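What follows is each chain in one-letter form.
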Amino acid sequence: MADRFDPPTIDAKWQARWEADGLYQTPDASDAPKYYFLSMYPYPSGDLHTGHWYAEAPADAKARYLRMRGYNVLFPMGFDAFGLPAENAAIKHNIHPYTWTMANIERMRSQFRRMGTMIDWSREIVTCLPEYYRWNQWFFLQFLKQGLAYRARAAVDFCPNCNTTLAREQVWGEDRRCERCGTPVEKRDLEQWFFRITQYAEELLRFDGLDWPERVKTMQTNWIGRSEGAEIEFGLEAGGAEPGPSDAPTANQGIKVFTTRPDTIYGVTFMVLAPEHPLVERLTTDDQRAAVQEYVERARRETEIERTAADKPKTGVFTGSYCVNPYSGERVPVYIGDYVLYTYGTGAVMGVPAHDERDFVFAQRYHLPIPVVIAPPDWDGDPLAAAYTAPGTMIHSGPFDGTPSEEGKKAVVAYGAERGFATATVTYRLRDWLISRQRYWGTPIPIVYCPTDGIVPVPEEDLPVLLPEDSQFKPTGESPLKSDERFRNVACPTCGGPAERETDTMDTFMDSSWYQYRFLSPHFDEGPFDPAKAHWLPVDQYTGGIEHATMHLLYFRFFTKAMRDMGLLQIDEPATRLINQGIILGPDSQKMSKSRGNVVNPDDYVDKLGADVFRCYLMFIGPWQDGGPYRPEGIDGIVRWLNRVWNLALEEPAFADAVDAETTRALQAQRHKTVKVVTEDIEAFHFNTMLARLMEYANYLSRVKDSGKIDPVVWRDAVNTLLLMAAPAAPHITEELWERTGRPYSIHQQAWPTFEAAMTEDEQVTVVVQVNGKVRDRLMVPADSSREQVEALALASEKVASQVNGATVRNVVYVPGRLVNIVIG
Ligand code: ANZ
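Summarised in this report is the structure supplied together with it. (Residues numbered from 1 in each chain as written. Predicted model: local features only at pLDDT ≥ 70, side-chain atom pairs only at ≥ 80, totals over all residues. Heavy atoms only, no water.)

**Re unusual backbone geometry**
Here the amide bond leading from L463 into P464 is cis, since omega sits at 0°, within 30 degrees of zero. Secondary-structure assignment places P464 in the loop between strand 22 (454-457) and helix 13 (485-488). The linkage connecting Y745 with the following residue, S746, adopts the cis geometry, with an omega of 0°. With respect to the helices and strands, S746 occurs in the loop between helix 23 (731-740) and helix 24 (757-760). The backbone of H367 sits at a positive phi, close to 55°, despite the residue not being glycine. One non-glycine residue, N805, lies in the positive phi region at around 45°. Structurally, the position occupied by N805 is in the loop between helix 26 (798-804) and strand 32 (809-815). (Helix = DSSP H or I, 4+ residues; strand = E, 2+ residues; numbered from the N terminus.)

Laid out in structure tokens, this is it:
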């Protein structure tokens, strides 16, 4: 008897051996084709939890498989060490974020090792170390040179609990809460640094050659939100407005609107400005001033979502002034209304109540006329009960009468463009990326403010600007670094006079926007990465959670394009293929959380059952892309399967002298078929069905083994194939068995088994089809067809159908693999 499968001993033995041998260190130069496989790196927020295992173990299995397929696979890992989660946790535990983060990294790194991954740790990156963040600062300076970084005063989203501004993407939900802590965010006016991601809006909408999930592409497309339309300028009515201060727009400058429906221009009966619009002050007449001011105050307290919610009453206040429709010459009253956002388009909307739902409600409320200018097909001329928003024919539209509205859009813009009051434009919902954070735990922004020289970039040779270790790091609403005099006070790099450093730090999404390049040469100190290693690019397969669809994955693409345009890269996209794994839930189908008490701790399982069991179990739970609840019962099946693999490898059948040719041939066929389907499954990331097939295969081998009449060479080959196919999912046990059966180290350096297509085809048998006992047809069917399949084929046969000819089938007699008799009458 072979000794029993003892996972903890085997795990430790092989992990030590692999590490000592550098088995997973990836050479940069190799004859094998390259494959860059990247899983999103984790925040070092504590322990490696089941979610990390769920993301990483199947990815590791796939990377191992690719290695067996002959690729030189780069499979690195690092830690996203800056940012709010680490800092908040550090504050809670009252230790320095650095100490806390590095201790977690130490712990998580050893947990990753216990998972038995093929991570190349020689390439590890830790983003909170100066060796890494120095290059964030370098990128910032390059972006500044390129005009891709700029400083502006902006109303920004501020989380009063985290005491920092957030990127628009970090504000979640209808009620606009902080992504991290759930507190409702506030608007604040601050001077901030932005990256001009909008410059790439158009290119970011193209996904050519990207094998990315449709869902992610759609989310990015919606996020970028491209609208084609026109800007149309309405003149201000002469004398309608008070002359403004000298730096305000001149009196003859009009109101620009952005519209996607220029075809409705003759139906405008009012104008609505966002309450924050700079013209409001000037256009408000004295008798309307009190009402307008009160409305503006109220609107400022509301969030964008509240303001634009579909079910919110569309309210407004008349400014007392009028503007002029440049097409019709009609006078149009100017309102302010909170459903118009200052941050979108031009912050002004032309109200066309007959053809826009919001405008319809607004006009009803304020008793404004609702003239129809787009006639619906078959319209009877009656007033509309609701806005008509579909295409139709332009009417009451001057020179455009009779024009189909879709055509009219272009014609109206062309007419206005000739006369200088309309321009065709494209507007995006995407906003520039706000990167300033009023937090301690991030990359210092390499800028100095000098009373003489203004905004002065820190010279490249002075990088990194080190994050001081001993400053007060708790958030106060102001940047913690502001209170660190030694950090803040600095000599101006240009004039040498007293100046101050920027005290905000960078958004942590900065780090993950280019980390894939740093893995190529994590210690390179002449640039963000060594250009001599660019042959690894782009990432061939990226894996991670869907929650990153619009933030990280958009910044990640933007950085690559910006780097390409700076001559740093020759690629257009960072990652060719993307796949999103689902979320693993607690046994109660709820999100795992300490407060719910449904957290599954991987360490407990690994201590007892070993890494292979837990890895395989997570892969077996269901389709990886779907995620799903953790069902602890299921793990027993994996334990049984691995024990069966163990026994199959170590206990040979009692080979008989007389070999049964049929059984041997069937075993060979089974081996080829299994290799085929398992290969297809792992290629498609279908780990659950891959394991199901390997389980079936092991059961099959057990049955064959009991028969004992097989050729020993064929048997050993069949068992080897089982080990090789199980190796990516269960790297430890397979390595152990490979050694025990006298194979050369390491199983992980072996080639993936191949199959012959001819051997995978099912054996065919001929089935005779009778109708009332007379032979009418012969069918070739796969030998393992079911009764239902054969019956259906028989009834579908033309020769049979012509005999049955509508008669009732009273009975079907079936002799498996031989005969079907259809009894009619
Ligand atoms: C007149 C009009 C007539 C409009 C009509 C629509 C239908 P999307 O497609 O989302 O880009 N709009 C423009 N700027 C706005 C702002 N700052 N706040 C709120 N609404 C704004 O929407 C573009 C349409 O939304 C524009 O076209 C404008 O209303 C409105 F029958 O102009 B439309």
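**Thoughts on the nonpolar core**
Counting 172 residues, the largest nonpolar core has F195, Y515, Y542, F559, Y630, W641 and L701 as its most contacted members. With 10 residues, the single largest contributor to this core is helix 21 (residues 687-707). With near-sequence residues (within four places) excluded, F559 lies in contact with F139, F143, F195, W433, M510, S513 and W514. Ranked by size, the runner-up nonpolar core spans 35 residues in total, among them I232, V257, L279 and V317. (Core = buried A, V, L, I, M, F, W, Y, C linked by side-chain atoms within 4.5 Å. Buried < 20%, exposed > 50% of the residue type's maximum accessible area, 1.4 Å probe, protein only. Contact = heavy atoms within 4.5 Å.)

**Regarding the environment of V171**
Structurally, V171 is set in strand 7 (residues 171-172). Separated by 11 residues in sequence, V171 and G182 place their C-alpha atoms 9.0 Å apart. Residues in contact with V171, not counting those within four places in the same chain, are D157, L166, R176, R177 and V185.

**Section: the sheet that holds strand 9 (residues 186-195)**
Across the sheet, 4 strands lie side by side as 6-5-9-19; this open sheet has antiparallel pairing. Of all the strands in the sheet, just strand 6 (164-166) and strand 19 (433-434) have a single pairing partner and so form its edges. Relative to strand 9, strand 5 (residues 149-159) runs antiparallel, the two being bridged by 10 bridges. Bridging across to strand 9, A149 finds its partner in F195. (Pairing = 2+ DSSP bridges.)

**As for the environment of D603**
Along the polypeptide, D603 turns up in helix 17 (residues 602-609). Sequence-wise, D603 and R114 are 489 residues apart; in three dimensions their C-alpha atoms are separated by 9.0 Å. Residues in contact with D603, not counting those within four places in the same chain, are R107 and Q111.

**Regarding the site of the ligand**
Neighbouring the ligand are 18 residues; S227, T259, L341, Y344 and R429 lie closest to it. Residue T259 places a side-chain N or O atom 2.7 Å away from an oxygen atom belonging to the ligand. With respect to the ligand, the side chain of Y344 contributes an N or O atom lying 2.5 Å from an oxygen atom. Contributions of two or more residues to the shell around the ligand are made by strand 11 (255-259) and strand 15 (348-351). Of the residues contributing to the shell around the ligand, the split by class is 8 nonpolar, 6 polar and 4 charged. (Near = heavy atom within 4 Å. Polar contact = N/O pair within 3.5 Å; in protein donor to acceptor, adjacent residues only side chain to side chain. Nonpolar A, V, L, I, M, F, W, Y, C, P; charged D, E, K, R; others polar.)

**Focus on the packing of aromatic side chains**
To describe a pair of aromatic rings, you give the distance between the ring centres and the angle between the ring planes. Counted according to the given criterion, the structure contains 59 aromatic pairs. Look at W433 and Y555: their rings are 3.7 Å apart centre to centre, the planes differ by 5°, and that puts the pair in the stacked class. Separated by 122 residues along the polypeptide, W433 in strand 19 and Y555 in helix 16 (residues 552-565) bring together distant segments of the chain. The pair W433 / Y555 is uniform in exposure class, with both members buried. Ring centres of Y517 and F529 lie 5.7 Å apart, and the angle between their planes is 35°; on these two criteria the pair is classed as tilted. Here Y517, found in helix 15 (residues 515-518), pairs with F529, found in the loop between helix 15 and strand 26 (539-545); they are 12 residues apart in sequence, far enough to count as distant. Assessed through its relative accessible area of 0%, Y517 is described here as buried. (Phe/Tyr/Trp six-rings, centres within 6.5 Å; stacked < 30°, edge-to-face > 60°.)

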